[in-house]
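Residue strings, one per chain:
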Amino acid sequence: MPDRPEIVCICGSTRFVDQMHAANRDLTLAGAIVVAPGVFLRTENHEITEAQKAALDALHLRKIDLADRVLVVNPGGYVGESTSREIAYARATGKPVTFTDPV
């Protein structure tokens, strides 16, 4: 038995906010520590600057660094440009990557 719960980083398009919340809930109930996006631009009514977007993208890579594995929330197999970069980063750093839907 590990000395701490598994840490899982959720990645995916923020258009899938409901599915990300469901994955977070399921993982949390299963005993995992979950790190996930904290800002959902497509569902929140405010704009951010390009600098803020870049900072959020960099912050999410740090979340991947903290994780034991990455879960990509990809309904219908959809993986966008930002998520593709996160997957490549996770794999380059040796993190296992799993998907909610077949790619």
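Residues numbered from 1 in each chain as written. Predicted model: local features only at pLDDT ≥ 70, side-chain atom pairs only at ≥ 80, totals over all residues. Heavy atoms only, no water.

1. Structural notes on helix α3 (residues 81-92)
Just so we agree on the cut-off: Only DSSP runs of H or I covering at least 4 residues are called helices, and only runs of E covering at least 2 are called strands; the numbering of each starts at the N terminus. For a helix, the expected span equals 1.5 Å multiplied by the number of residues minus one. The buried label goes to any residue with under 20% of its type's maximum accessible area, the exposed label to any with over 50%, and the partly exposed label to all in between, with areas taken from a 1.4 Å probe on protein chains only. The directions considered for the arc are those from the helix axis to the C-beta atoms. Two residues form a contact once any of their heavy atoms are found within 4.5 Å.
With twelve residues, α3 extends 17 Å from end C-alpha to end C-alpha; this agrees with the ideal 16 Å at 1.5 Å per step. Listing the buried residues of α3 in full gives Thr83, Glu86, Ile87 and Ala90. All buried residues of α3 lie within an arc of 100° about the axis, which places them on one face of the element. Of the exposed residues in α3, those oriented more than 90 degrees away from the buried face are Glu81 and Ala92. Tucked inside the fold, the buried residues of α3 contact β1 (7-12), α2 (50-66), β3 (69-73) and β4 (97-99). Looking one or two residues beyond α3, the residue adopting positive phi is glycine 94, at roughly 85°.

2. Details of the pattern of salt bridges
Quick note on the threshold: Throughout this description, the term salt bridge denotes a Lys or Arg side-chain nitrogen within 4 Å of a carboxyl oxygen of Asp or Glu.
All told, the structure shown has six salt bridges when counted by the stated rule. In this structure, the salt-bridge partner of arginine 25 is aspartate 26, at a minimum N-O distance of 3.5 Å. Exposure remark for arginine 25: the relative accessible area of 49% places this residue in the partly exposed category. Note on aspartate 26: relative accessible area 45%, which makes it partly exposed. Note that arginine 85 is salt-bridged to glutamate 81, the shortest N-O span being 3.1 Å. Note that arginine 85 and glutamate 81 are positioned in helix α3 at a spacing of four residues, about one turn of the helix. Judged by relative accessible area, which is 43%, arginine 85 ranks as partly exposed. The exposure class of glutamate 81 is exposed, given its relative accessible area of 65%.

Fair warning: the whole summary comes from geometry, so function is off the table for now.
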